[in-house]
Amino acid sequence: MEVLISMVITYLCVMLAVGYFTLMERKVLGGVQLRKGPNKVGVAGILQPIADGLKLLSKQYFYPARSNKLSFYLAPAMFFVLSLMLWHVSPMYFPATYFLYGVLFFLCVSSISVFGVLVAGWASNSKYAIMGAVRGAAQTISYEVSFSLLLLFCVFGQGGFCVGGGGKEMVWAVLGLPLFLMFLTTVLAETNRTPFDLVEGESELVSGYNVEYGGLGFTLIFIAEYSSMLFMSSMGSMMWLGGFSACFVAGPPVLVAKTLALCYFFVITRGALPRFRYDLLMGLTWKSFLPASLVGVVVMLALN
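About the criteria used
- Residues numbered from 1 in each chain as written.
- Predicted model: local features only at pLDDT ≥ 70, side-chain atom pairs only at ≥ 80, totals over all residues.
- Heavy atoms only, no water.
- Helix = DSSP H or I, 4+ residues; strand = E, 2+ residues; numbered from the N terminus.
- Expected span 1.5 Å × (residues − 1).
- Salt bridge = Lys/Arg side-chain N within 4 Å of Asp/Glu carboxyl O.
- UniProt positions renumbered as here; feature names shortened; annotations may be inferred.
- Contact = heavy atoms within 4.5 Å.
- Patch = residues over 30% accessible without salt bridge, like charges linked within 9 Å, V, L, I, M, F, W, Y side chains within 5 Å.
- Areas by Shrake-Rupley, 256 points an atom, 1.4 Å probe, with all protein chains shown as cover.

**Quick word on helix H6 (residues 127-158)**
Each α-helix turn comprises 3.6 residues. Residues three or four places apart therefore point the same way. Compared with an ideal rise of 1.5 Å per residue, which puts 32 residues at 46 Å, H6 spans 46 Å between its outermost C-alpha atoms and is within 8% of the ideal. One or two positions beyond H6, positive phi appears at glycine 159, with a value near 80°.

Rendered as C-alpha cells:
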C-alpha cells in the first residue's frame, strides 16, 4: 500500500509539474524573444496550463482513414506509460521504492521508448510521419550508445547502479566537466529538443511522427515528452551534481533547485540555438562523443 500511494502521488506530481514546466518555458522564451509570455489566465498566467490541458482534452480525436487504427491509438499510450515508468527509478522517501539497479532499468525503458516513435509514424500512414519516425529511431539509437557510457562514468565512480545513491557521492560534473557537457548535449538529442529536434522538424516534416495526432493522442505524447525532460533533469542532478543522499542531508529544495537549473538549460537552449543539420547531428555522436566517453570510462576504471 505504501508503494502504491507513493506511485500515485508521484504520477500526479509529474503531470502537474509538466503543466507548469510548459508555463515556465513559454515565459522564458517570451523573455528571450522580447515579447510577453502567457499572462492573462489567472494571476500572471498561473492558470494557463490548466486551460491548455482542458482545451486539448476537449478536442475530438480524429484518425486518418488509411491508418492502422489499433496501433494509431496504442502509440500515445505507449509513450505515456514508458515516460511514467522512468520515475520508478527516482528514489523516494519510502524505503520500499529504493531501486538497487535503477540505472539499468532506466536504460532498458528509455531504449524501448523508440518503439513508440516508430509505431506512431508507421501507423499514421503518412510520408512525413514515417520520415520523422525513421529519423527518431536513428537519432535515439545513435545517442543511446554515448549516453550509456556517460552514465557508466558516474556508476563506476559512485560504486553502484542506483540513481544517485552509491557509496561514493560527489559532484562528478566537476571531475569530468567535458563529459558533463557532453551528457547535457546528449540529453537534448535523446529528448528530441532544440537544436536536435530533427524528428519534429517543422520546416521540412510539418510536425514529424506526431503530425496526424490531435486531442487526447497529442496530449499523451506531449506529456510524455515533457515528463522525460523533467526526469532527465532530475537524473542529471542526482548522478552528476552531488547525489541523492547529499541532497537529502541538505534538504529536498537543493535537489529541486538543481533540477530546475537543468530544466532552464533545456528552455534557454531552445531560444538561443538554431536547428542542427542531420549529418552533423549523427557525426557528432559517432565521431566525437563516443570516443571521448570511452576514454572517460577507461580513466574512471583506472582510478578505481
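**Quick notes on the pattern of salt bridges**
Note on pairing: side chains with opposite charge can pair once their charged atoms come close. Scanning the model with the defined rule gives five salt bridges in all. Linking arginine 270 and glutamate 25 is a salt bridge whose minimum nitrogen-to-oxygen distance equals 2.9 Å. Placement of the pair is arginine 270 in helix H12 (residues 252-272) and glutamate 25 in helix H1 (residues 2-32), with a sequence separation of 245 residues. Here arginine 275 makes a salt bridge to aspartate 197, at a shortest N to O gap of 2.9 Å. With arginine 275 in the loop between H12 and helix H13 (278-303) and aspartate 197 in the loop between helix H8 (177-190) and helix H9 (202-205), this residue pair connects regions lying 78 residues apart in the sequence.

**Some remarks on the UniProt feature "transmembrane region" (unreviewed entry) in the protein**
The positions that UniProt labels "transmembrane region" (unreviewed entry) are, in the present scheme, residues 6-23, 70-87, 99-120, 141-158, 170-189, 210-232, 238-268 and 280-303. Structurally, residues 70-87 comprises 89% helix and 0% strand, and the distance from its first C-alpha atom to its last is 27 Å. The annotated region residues 210-232 carries 78% helix and 0% strand content, and the separation between its end C-alpha atoms amounts to 22 Å.

**Describing the side chain of serine 234**
By the element assignment, serine 234 lies in helix H10 (residues 215-240). Leaving out residues up to four positions away in the same chain, serine 234 has contacts with Trp87, Ser90 and Thr259.

**Topic: a nonpolar patch on the surface**
Where nonpolar side chains cluster on the molecular surface, the patch consists of Val43, Ile46, Leu47, Ile50 and Leu54 and spans about 490 Å² of accessible area. With respect to the helices and strands, the residue valine 43 is situated in the loop between H1 and helix H2 (48-58).

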